[in-house]
Amino acid sequence: MTDAVRERYDRFAREEAPGRSAVYAEWAAGVAADAEMQTVLSGIPEQHRQPPLVFAVTRLLGAPVAGYAEWRDFVLAHAGEVVSECARRTVQANEPLRLGALLPALSAVDGPIALLELGAAAGLCLFPDRYSYRLLGEDGIERARLDPASGPSSAVLTSVVRGALPPLRMPEVVWRAGIDLSPIDVRDAADRAWLETLVWPGEDERAERIAAAADIVAADPPLLIAGDAAQRLGELVASAPRQATLVITTPGVLVYLPREARQALISGIRSSGARWVTIDPVRLHEGWSGADGAFAVGLDGDQVAEADPLGRWWEWRAGVGPDRA
């Protein structure tokens with residue numbers, strides 16, 4: 001198992017952390033060259049030992065955001081606690097900026113909308129109507145902006161749009177709910193600390209965005225229920241208002257499910273009669289295309305855009321708009 005740990009952390013250090021967090025790149029590279037640390041981390045169940053989760057857990061437990069040597073000393077001194085805490089945690093990258101990439105798909109759905117998110121974490125992606133959007137060209141010049149009816153929001157989602165700009169409109173959300181194995185309550189200090197710790201060191205703009213979104217959610221909490229999405233989907237679908245168009249979203253959650261569970265959940269979504277909006281690696285869906293490791297936005301199972309996994313850029317590639325039947 002230590003070989004698997006070494007390979008995973010080496011890949012993270014080389015391919016995933018650069019450009020986002022110099023601290024995490026250093027920690028991951030250190031683990032990849034450290035047999036003793038590999039042995040400790042191999043005690044964590046495989047589904048719970050990915051670098052962002054392990055690093056966030058150690059910071060939550062008090063590890064200093066410092067060089068590898070200091071972080072290593074902390075982990076070795078608290079190895080049992082780190083292993084047990086990682087085993088009960090999951091990555092909950094509740095990034096509201098993903099809504100920037102989902103906005104054109106939501107714009108293609110007739111409202112009013114009843115919004116149901118699977119893997120909702122804190123529910124930050126349940127408020128597309130409460131955030132401001134700033135859409136930039138690749139040259140950095142603003143191409144479009146949308147604000148809530150009440151005026152500019154304290155949470156601003158800025159994305160780069162490549163290619164043509166599709167028709168866009170602010171979603172009209174009249175009901176919002178979410179399912180998560182372990183929902184995060186942003187009104188709870190401990191839950192809020194976990195949400196903030198999931199932000200990688202160096203991502204200051206992201207930290208500010210998530211804090212602003214969390215304040216909006218705390219002021220008007222959505223319905224969040226704990227449980228397995230496949231098992232509890234039916235009850236929430238049944239409770240959604242009939243006068244609204246039910247939209248189920250799965251932003252970034254399907255990749256964490258084993259293939260059989262993922263297919264079962266997708267089947268449940270399709271049989272619900274709801275519209276379905278997601279952002280996933282293209283490899284998860286038959287017929288989707290893109291570069292190796294690329295992400296894309298899907299509407300009702302069809303790929304409609306290419307996108308950064310966190311919504312930092314997107315490119316619309318479908319001939320649908322708000323008047324889609």
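In every chain, residue numbers begin from 1 and rise along the written sequence. Whole-chain, interface and lining totals are the exception, using all residues; otherwise, since this is a predicted model, local features are given only for residues with pLDDT of at least 70 and side-chain atom pairs are given and counted only at 80 or more. To get the side-chain values, take all heavy atoms of the structure and skip hydrogens and water.

Details of the sheet that holds strand β4 (residues 156-161)
The pairing criterion is simple: DSSP has to find at least two bridges between the two strands. In this text, helices come from DSSP runs of H or I with a minimum length of four residues, and strands from runs of E with a minimum of two, each type numbered from the N-terminal end. In space, the eleven strands of this open sheet follow the order β3-β2-β4-β11-β10-β9-β8-β7-β1-β5-β6, with mixed pairing throughout. Of all the strands in the sheet, the pair left with one neighbour each is β3 (142-146) and β6 (223-226). For this sheet, the mean angle separating the axes of adjacent strands, direction not counted, is 25°. Bridge count for strand β1 (residues 113-118) against strand β7 (residues 245-251) is five bridges, and the pairing is parallel. Note on β7: the bridge partner recorded for Ala-114 is Leu-246. Throughout, an axis means a line fitted to C-alpha atoms (over the contacting stretch in the case of helices), and angles, computed between N-to-C directions, take values from 0 to 180 degrees.

Things to note about the side chain of Arg-49
Following the sequence through the fold, Arg-49 ends up in the loop between α3 (35-41) and α4 (51-60). Buried charged residue Arg-49 carries no salt bridge. Nearest counter-charge: Glu-46, at 5.2 Å. Of the polar contacts made by the side chain of Arg-49, one reaches the backbone oxygen of Ile-44; its length is 3.1 Å. Discounting chain neighbours no more than four positions away, the residues touching Arg-49 are Met-1, Ala-4, Val-5, Tyr-9, Leu-41, Ser-42, Ile-44 and Val-54. Between buried and exposed lies partly exposed: a residue is buried under 20% and exposed over 50% of the maximum accessible area for its type, with that area taken using a 1.4 Å probe on protein chains only. Note that His is not counted, nor are the chain ends; the positive residues are Lys and Arg, and the negative ones are Asp and Glu. Between Lys or Arg on one side and Asp or Glu on the other, a salt bridge is scored when a side-chain nitrogen of the former is within 4 Å of a carboxyl oxygen of the latter. Two N or O atoms form a polar contact when they lie within 3.5 Å of each other; inside protein one atom must be a possible hydrogen donor and the other a possible acceptor, and for residues adjacent in sequence the pair counts only when both atoms belong to side chains. We call two residues contacting when some pair of their heavy atoms lies within 4.5 Å.

Structural notes on the packing of aromatic side chains
Only the six-membered ring of Trp is used, alongside the rings of Phe and Tyr, when aromatic pairs are assigned; centres must lie within 6.5 Å, and planes under 30 degrees apart are stacked while those over 60 apart are edge-to-face, with the rest tilted. If you walk through the whole model with that rule in mind, you get ten aromatic pairs. Look at Phe-12 and Trp-200: their rings are 5.3 Å apart centre to centre, the planes differ by 55°, and that puts the pair in the tilted class. In this pair, Phe-12 is assigned in helix α1 (residues 2-16) and Trp-200 in the loop between α8 (189-197) and α9 (204-219), connecting sequence segments 188 residues apart. By the burial criterion, Phe-12 is buried, and Trp-200 matches it. On the numbers, 5.6 Å between centres and 50° between planes, the contact of Tyr-24 with Trp-200 is tilted. Of the two residues, Tyr-24 is situated in helix α2 (residues 22-32) and Trp-200 in the loop between α8 and α9; the sequence distance between them amounts to 176 residues. With relative accessibility at 0%, the residue Tyr-24 sits in the buried group. Its relative accessible area of 9% is what places Trp-200 among the buried residues. Members of the aromatic cluster, each reached through a chain of ring pairs, are Tyr-9, Phe-12, Tyr-24, Trp-27, Phe-55, Tyr-68, Trp-71 and Trp-200. By definition, being over a ring means that NZ of Lys or CZ of Arg is both within 6 Å of the ring centre and within 35 degrees of the ring normal. For the cation-ring pair, Arg-162 lies above Trp-313, with the distance from its terminal atom to the ring centre recorded as 3.7 Å. Of note, Arg-176 hangs over the ring of Phe-127, and the distance from its end group to the ring centre comes to 4.5 Å.

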